[in-house]
Every structure is written in structure tokens, then in C-alpha cells.
Amino acid sequence: MIATLLFLIFIIAMLAGVPIAAALGLAGAAAIAMADFNTQWYGLLAVPQNFYAGLGKYPLLAIPMFVLVGSIFDRSGVALRLVNFAVAIVGRGPGMLPLVAIVVAMFLGGISGSGPANAAAVGAVMIAAMSRAGYPGSFSASVVGAAAATDILIPPSVAFIIYSMLVPGASVPALFAAGMVPGVLAGIALIVPAVWLARKHRMGALEVHMPRPPFWKSLREALWGLAAPVLILGGMRAGWFTPTEAAVVAVFYGLFVGMVVHRTIGVRDLFPILREAGELSGIILLVVSLAGIFAFSLSTLGVIDPVANAIVNSGLGEYGVLSLLILLLITVGMFLDGISIFLIFVPLLLPIMEHYNWDPVWFGVILTLKVALGQFTPPLAVNLMVSCRIAGVRMESTIRWVGPMLLAMFVVMVLVIMFPQLALWLPAKLGY
């Protein structure tokens, strides 16, 4: 009964407009109090203890750093230079600007671990360019929102850091390597419907008449941005630094590029950059810490084992259970952000994963693909919120364009389920 009230309080608080982090903390604290009603302080001393325990983990240090990297590269002009270089390669024509937006978003995914930050960086450049070429704002917002979702698959990834914290046996380097191939496949899959829709509806008619940037000049200007993922991922692979240390290296590299090379960031710009990154990091870490209270109440009330046993003994079989979980998470992903989904559901799913002997790294990639889908699935799609705000359109207007892109990324998820080596080949090759 208390376990039912736990989820009921959480849902009611969400429907009442309470922020997700506060709803998690309130529901968890209420359940702890009801379970320990006859003890001193109703057992609520566990609340501050688990609030701190949720934050006191070394891998979480990387999150504010990678968020700061996203803010720095957003203001450094790297995105614009990457766009010019990509246009110089693929040329002009119907459907080419959506292709460029997706490719640049994938590349920036190797610099910043935040999908909304990626959507802001790419959207600030691409939505205006696509508007000048004749693309509707709703289509441009859909492409940028969907493209930015590849960010949490292509390392570095905040989602993978959270998952590694929750699941023993899934290290951050292994998850980073495992996300690379599915992330690239997801980007390629998004390109197909984006270009097809643009040409079918004859969008971007003015794009043909726009000038094509010179190749060698755009390459020289984009070199510093192109080198960033090589430095971050190559340094981790070479053993020069850990993922957490890589985030700090990326911050200083981004500041060097912005302040010394491109000179687009001045000393006065540092405060708004730090404030923006601090606010976004604070939101993420507050969700993590308050979800720790929710997770503690789940384990204390003994909810995890009965739920896991009920699913395992449902008679659906391994793939039936996996389909059920995907359906559940797709539905939940329409209303919750990815970090909340991981923090709420991974403790529940861990016994199921162990029962079927699913590889924890492969399972993490599957869950992250689901989260990526949720980032541009209305009504609560964090990437679409950012891109729609930049484009000045309502989220409802993007539904007709987002549908085919959701289907394309869903196909990639099915392929990774059917062929686990798509995720596990690279980690094995690199020795993780």
C-alpha cells in the first residue's frame, strides 16, 4: 500500500506542476515517513543522508564540466565554423542544410554531453540559416531537436555517466565506446527522413542560390573544433586522463579556442557562461540527489524484488519482457527527462537484467537509445523545447515532421537489440 502511495504521490505532484526533482524528493520522503511512522522522527533522518549520498560520487564531477564545455563551445563560434565546413563538403541543394545540421550535431556530441546544450549551439546557427533558405520553422526545429538527441549516445555522455553510477560492471569508458556505433547509426538514420521530407515537400528552394563556402578556408577555420573530440576521446583511450579529468581538459581547451584562437569570448563573457552552466548543472544534480531519496524508499519498502519477479514470471519470455520494457520506457519518456528515467527505473530493471544475463553495457545503450527518443518525443521533449524556442514555433507544429525521425531512430534501437555486437564490438576491440 505504501509503495502504491509512493508512485501515486509522485504522479499527483507531477500533474500539479511540481518540478520533477521536488516531486521525487517529496514522494520518497512521504513514503519513508509512512513506513517508519512509529519510530523517532519517522525515519526522516534518512532523507538528508540519501540526499548527500546521491551526490557524493566521483563520476558525477564530470557532469558540470561537460555542461560548461557545451556553454563555452556554444559561444566560441565553433558551431558556425563546423557548419561552413560541412556545407563546403556536401554543397548546396534541397535537403542539404538538414543533413548538415544533423552531421554538425553529431560532431558536437563528441564535445558536450548535454542534448539541450547541443540543440542550443546547433539551433542558434542552423535554424536561422534554414529559415533564410526557405525551410519552415517547425521543420527546422524538428531536425535540430532530433539531431541533438544523438548527443547522449556519442561520447562524452551525461546519460552514460549516470548509468555507470547506478550499474556495477558498466564502466564509463566501456559505455562511451559502446555508444559510438549506435550513435553514428542513429545520425545516419535521421538524415534519411530529414532529406526525404525536405525534397518531398520542396523545402529550401532558395538554398540552391546561396553561396558555397570555399573548402580550404572553411577547413582551416574548423580545424580547432575538429580537434576537440580527438583530444577528449583520444586522451581517454591513451590513458592520459580519466573521463572526469577529460571534462576539465575540454573546458580549458574550449576557453583557449574561444579566447585566444577565435577571440569570440572575452573576460566579460565568462560570468554569463559560468552562470548558465551552473544553473543547468544545478538542475541535473538536484534531480540526481532527490532521486536518491526516491530510490532509497523503493529499496526500503521492498518494491524492487516483487516488481522484478512479477515481470520475469509473466510468461512473456526474454524478448517479450524486453519489448514490454521498451514500451514502458517510451511511454514514460514522453513525460520525464532521461536522467529521471534512469534514476527511477534502473534500480527496478537491474534484477531483470541480471536474471536474463543481459550485458550491462549493451543494456545501457538500449536504455540510452530510449532516452534519446524521449528527448524529441512530445509533449515533454527537452531538445524540442530548446529548438522550438529558438525557431519561435509551438511544439505541436513539429509533430508531423518528428514522427518519421522517431521511427528512424526506433529502427536503430531494434537493430541494436537484434545485433548486440553493434554496441559491444568497439568496447571489446579497445579492451574495455
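Residues numbered from 1 in each chain as written. Predicted model: local features only at pLDDT ≥ 70, side-chain atom pairs only at ≥ 80, totals over all residues. Heavy atoms only, no water.

1. Focus on the overall build of the chain
No. 1: Broken down by element type, the chain carries 20 helices and zero strands.
No. 2: For 432 residues, the compact-globule formula gives about 22 Å, and the C-alpha radius of gyration of the chain, at 22 Å, lands near that figure.
No. 3: Across its three principal directions, the C-alpha atoms of the chain cover 75 × 45 × 45 Å.
No. 4: Within the chain, the proportion of its 432 residues that are buried is 55%.
No. 5: Taking as baseline every contact in the chain between residues at least 6 positions apart, the subset at least 24 positions apart corresponds to 80%.
No. 6: Accessible surface computed for the chain: about 18,200 Å², of which carbon and sulfur atoms make up 70%. (Helix = DSSP H or I, 4+ residues; strand = E, 2+ residues; numbered from the N terminus. Rg over C-alpha atoms; globule rule 2.2 N^0.38 Å. Buried < 20%, exposed > 50% of the residue type's maximum accessible area, 1.4 Å probe, protein only. Contact = heavy atoms within 4.5 Å. Areas by Shrake-Rupley, 256 points an atom, 1.4 Å probe, with all protein chains shown as cover.)

2. What to know about a nonpolar patch on the surface
No. 1: Where nonpolar side chains cluster on the molecular surface, the patch consists of Leu407, Phe410, Val411, Leu415, Met418 and Phe419 and spans about 550 Å² of accessible area.
No. 2: As for its placement among the helices and strands, Phe419 is situated in the loop between helix H19 (399-418) and helix H20 (421-430).
No. 3: On the basis of relative accessible area, Phe419 is assigned to the partly exposed category, the value being 45%. (Patch = residues over 30% accessible without salt bridge, like charges linked within 9 Å, V, L, I, M, F, W, Y side chains within 5 Å. Salt bridge = Lys/Arg side-chain N within 4 Å of Asp/Glu carboxyl O.)

3. Focus on the packing of helix H8 (residues 137-148) against helix H10 (residues 172-200)
If you want to describe how two helices pack, look at the angle between their axes and the distance between the axes.
No. 1: Direction vectors running N to C along H8 and H10 enclose 170°, while the axes themselves pass 11 Å from each other. Between H8 and H10, the interaxial angle falls into the category roughly antiparallel. For the pair H8 and H10, contact is made by Phe139, Val143, Ala146 and Ala147 and by Leu190, Ala194, Leu197 and Ala198, respectively. (Axes fitted to C-alpha atoms, helices over the stretch in contact; angles between N-to-C directions. Parallel < 35°, antiparallel > 145°, perpendicular 65-115°, else oblique.)

4. Quick look at the environment of Tyr253
No. 1: Relative to the helices and strands, Tyr253 resides in helix H12 (residues 243-261).
No. 2: Separated by 19 residues in the primary sequence, Tyr253 and Pro272 have C-alpha atoms spaced 18 Å apart.
No. 3: Filtering out sequence-adjacent residues up to four positions away, Tyr253 remains in contact with Phe73, Trp224, Ala227, Ala228 and Leu231.
No. 4: Engagement of the side chain of Tyr253 in a polar contact is seen with the backbone oxygen of Trp224, the distance being 2.6 Å. (Polar contact = N/O pair within 3.5 Å; in protein donor to acceptor, adjacent residues only side chain to side chain.)

5. Here we look at helix H18 (residues 382-391)
No. 1: Within H18, the full set of buried residues consists of Asn383, Leu384, Val386, Ser387 and Cys388.
No. 2: Once H18 ends, the next one or two residues include Gly392, with phi positive near 70°.

6. Details of helix H4 (residues 62-75)
Given 3.6 residues per helical turn, the α-helix brings residues three or four places apart onto the same face.
No. 1: With 14 residues, H4 extends 20 Å from end C-alpha to end C-alpha; this agrees with the ideal 20 Å at 1.5 Å per step.
No. 2: H4 sits mainly inside the fold: ten of its 14 residues count as buried.
No. 3: Among the residues making up H4, those that are buried are Ala62, Ile63, Phe66, Val67, Leu68, Val69, Gly70, Ser71, Ile72 and Phe73.
No. 4: Remark: Gly77 follows H4 within two positions and exhibits a positive phi of approximately 85°. (Expected span 1.5 Å × (residues − 1).)

7. Considerations on the nonpolar core
No. 1: Grouped together as the largest cluster of nonpolar side chains are 156 residues, with contacts concentrated most on Phe139, Tyr163, Ile352, Trp358, Trp362, Phe363 and Phe376.
No. 2: If near-sequence neighbours (up to four positions away) are discounted, Phe363 is found in contact with Tyr163, Leu322, Leu325, Leu349, Met353 and Trp358. (Core = buried A, V, L, I, M, F, W, Y, C linked by side-chain atoms within 4.5 Å.)

8. Describing the packing of aromatic side chains
No. 1: Going through the model one piece at a time under the given rule, you end up with ten aromatic pairs.
No. 2: The structure contains a cluster of three or more aromatic residues connected by ring pairs, namely Tyr356, Trp358, Trp362 and Phe363. (Phe/Tyr/Trp six-rings, centres within 6.5 Å; stacked < 30°, edge-to-face > 60°.)

9. Considering the packing of H8 against H19
No. 1: Closest axis-to-axis distance for the H8/H19 pair is 9 Å, and the angle between their directions is 20°. As summarised for this structure, H8 and H19 are arranged roughly parallel, according to the angle between their axes. Note on packing geometry: the crossing formed by H8 with H19 is right-handed. Residue-level inspection shows Ser138, Phe139, Ser142, Val143 and Ala146 of H8 in contact with H19, the latter providing Trp401, Val402, Met405 and Met409.
No. 2: Taken together, the residues of the contact of H8 with H19 sort by class into seven nonpolar, two polar and no charged. (Left-handed = near helix turned anticlockwise from the far one by under 90°. Nonpolar A, V, L, I, M, F, W, Y, C, P; charged D, E, K, R; others polar.)

10. Regarding the side chain of Ser142
No. 1: As for its placement among the helices and strands, Ser142 is situated in helix H8.
No. 2: Accessibility expressed as a relative area gives 0% for Ser142, which makes it buried.
No. 3: For Ser142, the contacting residues outside a window of four places in its chain are Leu384, Thr398, Trp401, Val402 and Met405.

11. Observations concerning the environment of Ile339
No. 1: Tracing the chain through its elements places Ile339 in helix H16 (residues 338-355).
No. 2: Since its relative accessible area comes to 15%, Ile339 is described here as buried.
No. 3: Separated by 181 residues in sequence, Ile339 and Val158 place their C-alpha atoms 8.5 Å apart.
No. 4: If we skip the residues at most four places from it in the chain, Ile339 touches Val158, Ile284, Val287 and Val288.

12. Observations regarding the pattern of salt bridges
No. 1: The tally for this structure, following the rule as stated, stands at one salt bridge.
No. 2: Arg394 is the partner of Glu396 in a salt bridge, and the nearest nitrogen-oxygen pair spans 2.8 Å.
No. 3: For Glu396, a relative accessible area of 49% translates into the label partly exposed.

13. Digging into the side chain of Thr368
No. 1: Mapping Thr368 onto the fold places it in helix H17 (residues 360-374).
No. 2: With sequence-adjacent residues up to four places away left out, Thr368 is seen in contact with Ile152, Leu153, Ala159, Phe160 and Phe342.

14. Thoughts on unusual backbone geometry
No. 1: Here Arg263, not a glycine, exhibits a phi torsion of approximately 55°, which is positive.
No. 2: Inspection of the secondary structure puts Arg263 in the loop between H12 and helix H13 (267-300).
No. 3: In this structure, Asn357 is a non-glycine residue whose phi angle is positive, near 55°.
No. 4: Assignment of secondary structure puts Asn357 in the loop between H16 and H17.
No. 5: When its relative accessible area of 68% is taken as the criterion, Asn357 is described as exposed.

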